[in-house]
Amino acid sequence: MSSMESLAQLEVLCEKLYNSTDSAERAHTESTLKCFSENSDYISQCQYILENASTPYALMLASTSLLKQVSDCSLSLQLRLDIRNYVMNYLAARGPKLQNFVIISLIQLVCRITKFGWFDDDRFREIFKEATDFLALASQDHYLIGLKILNFLVMEMNQATSAMPLTLHRKIATSFKDQFLQQIFQLSVTSLHQLKSEVPDDIRHVPLSLALRCLSFDFVGPVDESSEEFGTLQLPASWRPLLEDPSTVQIFFDYYKVNDTSVSKEALECLVRLASVRRSIFLEDPARSQFLSHLMSGTREILQTGQGLGDHGNYHEFCRLLGRFKVNYQLSELLNVEFYGEWIGLVAEFTTKSLLSWQWASNSIYYLLSLWSKLVTSLPYLKGDTPSLLDETVPKIMEGFITSRINSVQASFADNSADTENPLDNVEGLQDQLESLPYLCRFQYESCSLLIINIMEPLLQAYTARSRLPAAGDLAELSVIEGQIAWMVHIIAAILKIRQNVGRIKDSQELLDAELAARVLQFITITDTGVHSQRYQELSKQRLDRAILIFMQNFRRSYVGDQSMNSAKQLYARLSELLGLTDHLVLLNAIVGKIATNLKCYAECEDVIDHTLSFFLELASGSYMTGKLLLKLESTKFIIANHSPENFPFLDEYRCVRSRTNFYYILGSLVFMEDGPVKFQSFMKPLMQVAINLDASADAAFRTDIVKYAFTGLMRDLRGIVMATNSRRTYGLLFDCLYPSCMPLLLRAISLLADEPEVTTPLLKFISEFVLNKSQRLSFESSSPNGILLFREISKLIVAYGSRILLLPNGTDIYASKYKGIWISLTVLSRVIKSILWIYGSSVQQQYHNPLCSQFGYKHICAYCQLA
């Protein structure tokens, strides 16, 4: 067969590889053609394909195969140089006639070879000169290819790959940045000026993309960006003349005015990065002020005309651009700009309109509110008499935020489509929006708190009136009221999260905190009364109680604790007048009471149960004194004394089955704070009764769903209690309770239900936790046989499970049916052996001479372990 016939067959295979909709056919074709990317002998064949193939898919195969060869194989220096030179000449000769995806693939190949050979030979670094040669050619297609080569070169140099060590990548990236990056950015700006009015929008996109790549380069390596989504741009000092040139900033504002939204969005992204340039790059204040003035002037024009802001991408990037002003510049610098008053007024108006467009702009509002909060927090450090105008604008923004959230509830209820997400259900987005609220509200706290109270009071009155009715009435109206109250509770919770601890306004702000908190605390007492106690399955009621939980968390962190009476006297004095809550213990009891109510009533709402238990855990795992305070409360005593499914139905709900472990971990932590064993034994009595009932069940009954669920529930409960044992004393209490009475039940269950992973997995996880010697809790006396007894019982369980699981056939999900259980079993063995060695030390090594071994059968166990 001739080479041309073979090439024709190859082209058919390549078309199948890239176009076939049959996955099996694609996989077979890929397997047939993989030799081109795995065998270096086929490199010459790839060159032949590039020279002679007539279809773009064959060219694509040759290009991608060479890319993989270069990345994964150790090719000689000369061969890499030959490939590089050939592809560059190929692009110059045939590039304008190729499909765009083939051009991009060939450019990626050249850039990968360049990076991998950067320190091997100086000829690899000539790519910048060769790319600029493309720009000098008369053809517009060659001009674009040259820009694309630079674009993908910057991307390749900035992107770490698994085929190259990270340290080598950073060295190459740094060398490239120092030698060429500034020149490439300068070239991109020059190209933007040249192509500004002569070419279609899709061509303008290319130099703009190159400029964005340059500004997105990792100039300093990994940095901590936890405080801001976008860190400061650490441009080298050599870039200073570019930034001081007014045309650099202006060209991006000019490109923003282009009708193509992809072009305008990238222009804004470039401006966001320019606004993030480090302050120290400007040696003198006039240069920095001029740069800031250009940015503010450009954004002012956009705010005045509104051009392009109808596109969501543009809108979002513009909000990010506004948010960068206060991150990188001081308020005094903003005030020194001649048209600051006009600019801040336009930003305030834009913010208010954005708040009203809550559904469309919900992800962008964060940047606007962040800007205003940073302006407000910097006001105390402002010197001079120049008015900031924040006194006029911030209250209007706060009013706009609150009223727009209230109005959004009615709009969300009216637009009850499946695709519309209620903002109250997006917890992460909600917290982002509320993050800046405390600073804005406390700026003029008296007027803001009065606004909140005036909105809250009618809602509370309407909700209270509903609680006294025999029936709920109009459920739609009630759901709207609950949604509006939920927003107000979220807002109050956010405000109370940040507490004013110092200064002259501390006492007055505490009184206002008390006024707001009193409304929510009073509301909590009626949420679970009357008709409202019958609506736990309603989404609006669940949203409301989630808001209440967040309020209690924030309020507790700020004001409820063992030091609260001394640090918040004004607040508690006012709460005593309003609600009779005289101190933090009374308040804490009400909070735990709400926790108990949620655990009783939200059996079918996993989200509320998890959030409630998370808050309960936060209370229980605080300081030692906080835990002691909880034990004094009647609400806590009730939960500890009545932890049965009859009182807390979520324990019987399959969807909440994982919450059982957390519930009993919390209760165990509280119970173990008591010194005596009496309360622990009383606490364990219901669980031990469950174990007794299970032990009395016939073997056949163990296959029923009722018995299996009861057993797995018991295992999850006991695992939670074991997790709470962190000392020799507490572990000893639990060990004495479980051994030997419960061990036969565990062995029986694992023997009868070894083929039921939903039973064996909770059992093995409990055992794995039970034998873990964390905090050296397995501290039996060296003369005590308890360690050996524990080892013997565990070995029985592992032998019983292992001897059965290995005989079972492999299911469709072999990990869940076998591997997971085997993995946990090996973890159990590892942990128990370490625990025994730690307890008995060198005596364990003398297996046959230690009297404990022969007395308790340790010799047999060790033989089994060696065999295993």
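Let me begin by describing the structure that accompanies this report. (Residues numbered from 1 in each chain as written. Predicted model: local features only at pLDDT ≥ 70, side-chain atom pairs only at ≥ 80, totals over all residues. Heavy atoms only, no water.)

1. A few points about the overall build of the chain
Here is the rule: Helix numbering and strand numbering both begin at the N terminus, where a helix is a DSSP run of H or I of at least 4 residues and a strand a DSSP run of E of at least 2. Contacts: residue pairs with any heavy atoms within 4.5 Å of one another. Only the protein chains shown count as cover for residues, and the accessible areas themselves come from Shrake-Rupley with a 1.4 Å probe. Residues counted as positive are Lys and Arg, residues counted as negative are Asp and Glu, and His and the chain ends are not counted. Taken as the charge location is NZ of Lys, CZ of Arg, CG of Asp or CD of Glu.
Along the chain, the regular secondary structure elements total 42 helices and zero strands. In terms of overall dimensions, the chain has a C-alpha envelope of 95 × 80 × 55 Å along the principal axes. A sequence separation of at least 24 residues applies to 76% of the contacts in the chain between residues at least 6 apart. Roughly 38,400 Å² of accessible area belongs to the chain as shown, and the carbon and sulfur atoms make up 52% of that amount. Positive and negative side-chain charges in the chain, numbering 80 and 92 respectively, have mean positions lying 7 Å apart.

2. Observations regarding helix 32 (residues 634-641)
Cut-off, in case you're wondering: Only protein chains enter the accessibility calculation, which uses a 1.4 Å probe; a residue whose area is less than 20% of its type maximum is buried, one above 50% is exposed, and one in between is partly exposed. This arc is built from the directions going out from the helix axis to the C-beta atoms.
The complete set of buried residues in helix 32 reads Ser635, Thr636, Ile639 and Ile640. Buried residues along helix 32 cover an arc of 130° about the axis, so they all sit on one side. Of the exposed residues in helix 32, the ones pointing more than 90 degrees away from its buried face are Glu634 and Ala641.

3. Looking at the packing of aromatic side chains
Heads up, the condition is: Two rings from Phe, Tyr or Trp (for Trp, the six-membered ring) form a pair when their centres sit within 6.5 Å of each other. Planes less than 30 degrees apart are called stacked, planes more than 60 degrees apart edge-to-face, and all others tilted.
Evaluation of the coordinates by the stated rule reveals 32 aromatic pairs. Here the aromatic rings of Phe555 and Tyr559 are separated by 5.6 Å at their centres, their planes lie at 50°, and the arrangement is tilted. One end of the pair is Phe555 and the other is Tyr559, both in helix 26 (residues 539-559) and four residues apart, which spans about a single turn. Ring geometry for Phe650 versus Phe663: centroids 5.4 Å apart, planes at 85°, classification edge-to-face. Note that Phe650 is positioned in the loop between helix 32 and helix 33 (659-671) and Phe663 in helix 33, a separation of 13 residues in sequence. Exposure class is identical for Phe650 and Phe663. Each is buried. A network of ring pairs unites the aromatic residues Trp118, Phe128, Phe176, Phe180, Phe185, Phe217, Phe219 and Trp239 as a single cluster.

4. Focus: the side chain of Thr161
Positionally, Thr161 belongs in the loop between helix 9 (140-158) and helix 10 (166-194). Taking the relative accessible area as the measure of exposure, Thr161 reaches 18% and is therefore buried. For Thr161, the contacting residues outside a window of four places in its chain are Arg112, Phe116 and Glu156.

5. Structural notes on helix 26
The following threshold applies: Here, expected helix span is obtained from the residue count minus one, scaled by 1.5 Å.
Taking 1.5 Å of rise per residue, the 21 residues of helix 26 would be expected to cover 30 Å, and the 30 Å separating its terminal C-alpha atoms lies within 8% of that figure. For helix 26, the tally of buried residues reaches 19 of 21 residues, placing the bulk of the element in the interior.

6. A word on the packing of helix 8 (residues 127-136) against helix 10
Definition in use: For helices, the axis comes from a line fit to the C-alpha atoms of the stretch in contact; other axes are also lines fit to C-alpha atoms, and the angle between any two N-to-C directions lies between 0 and 180 degrees. Working definition: roughly parallel below 35 degrees, roughly antiparallel above 145 degrees, roughly perpendicular at 65 to 115 degrees, and oblique for all remaining angles. Just so you know the grouping, Ala, Val, Leu, Ile, Met, Phe, Trp, Tyr, Cys and Pro go in nonpolar, Asp, Glu, Lys and Arg go in charged, and all remaining residues, Gly too, go in polar.
Running from amino to carboxyl end, helix 8 crosses helix 10 at an angle of 10°, the nearest separation of the two axes being 12 Å. With respect to each other, helix 8 and helix 10 are oriented roughly parallel. Packed against helix 8, whose contacting residues are Phe128, Thr132 and Leu135, the element helix 10 presents Phe180, Gln183, Ile184 and Leu187 at the interface. Taken together, the residues of the contact of helix 8 with helix 10 sort by class into five nonpolar, two polar and no charged.

7. Considering the side chain of Thr730
Within the secondary structure layout, Thr730 lies in helix 36 (residues 728-738). Note on Thr730: relative accessible area 4%, which makes it buried. Thr730 has contacts with Phe672 and Thr725, leaving out every residue within four places of it along the chain.

8. Some thoughts on the pattern of salt bridges
Stated precisely, the cut-off is as follows: The term salt bridge refers to a side-chain nitrogen of Lys or Arg lying within 4 Å of a carboxyl oxygen of Asp or Glu.
Under the counting rule described, the total for this entry stands at 44 salt bridges. One salt bridge connects Lys129 with Asp133, and the closest N-O pair in it is separated by 3.5 Å. One end of the pair is Lys129 and the other is Asp133, both in helix 8 and four residues apart, which spans about a single turn. Residues participating in the shared-partner salt-bridge network are Arg703, Asp705, Lys708, Asp755, Glu756 and Glu758.

9. Describing unusual backbone geometry
With an omega dihedral of 5°, the bond running from Tyr739 to Pro740 counts as a cis peptide bond. Within the secondary structure, Pro740 is located in the loop between helix 36 and helix 37 (743-752). With phi around 55°, Ser775 is a residue other than glycine that occupies positive phi space. By the element assignment, Ser775 lies in the loop between helix 38 (757-770) and helix 39 (786-805). Positive phi values are uncommon outside glycine, yet Gln776 reaches one of about 55°. Tracing the sequence through the fold places Gln776 in the loop between helix 38 and helix 39.

10. So, the environment of Arg557
Rules: Between N or O atoms, a polar contact is any pair within 3.5 Å; within protein, one atom must be a potential hydrogen donor and the other a potential acceptor, and residues adjacent in sequence are included only when both atoms are from side chains.
Examined against the element boundaries, Arg557 turns out to sit in helix 26. When the C-alpha positions of Arg557 and Lys497 are compared, they lie 7.5 Å apart, and in sequence the two are 60 residues distant. Here the side chain of Arg557 touches Glu618 through a polar contact of 2.7 Å, side chain to side chain.

11. Considerations on a nonpolar patch on the surface
We count it as follows: Residues enter patches when they are more than 30% accessible in relative terms and free of salt bridges; like-charged ones are connected within 9 Å and nonpolar ones (Val, Leu, Ile, Met, Phe, Trp, Tyr) within 5 Å.
On the surface, a cluster of nonpolar side chains totalling about 390 Å² of accessible area is made up of Tyr815, Tyr819 and Trp823. With respect to the element layout, Trp823 can be found in helix 40 (residues 814-840).

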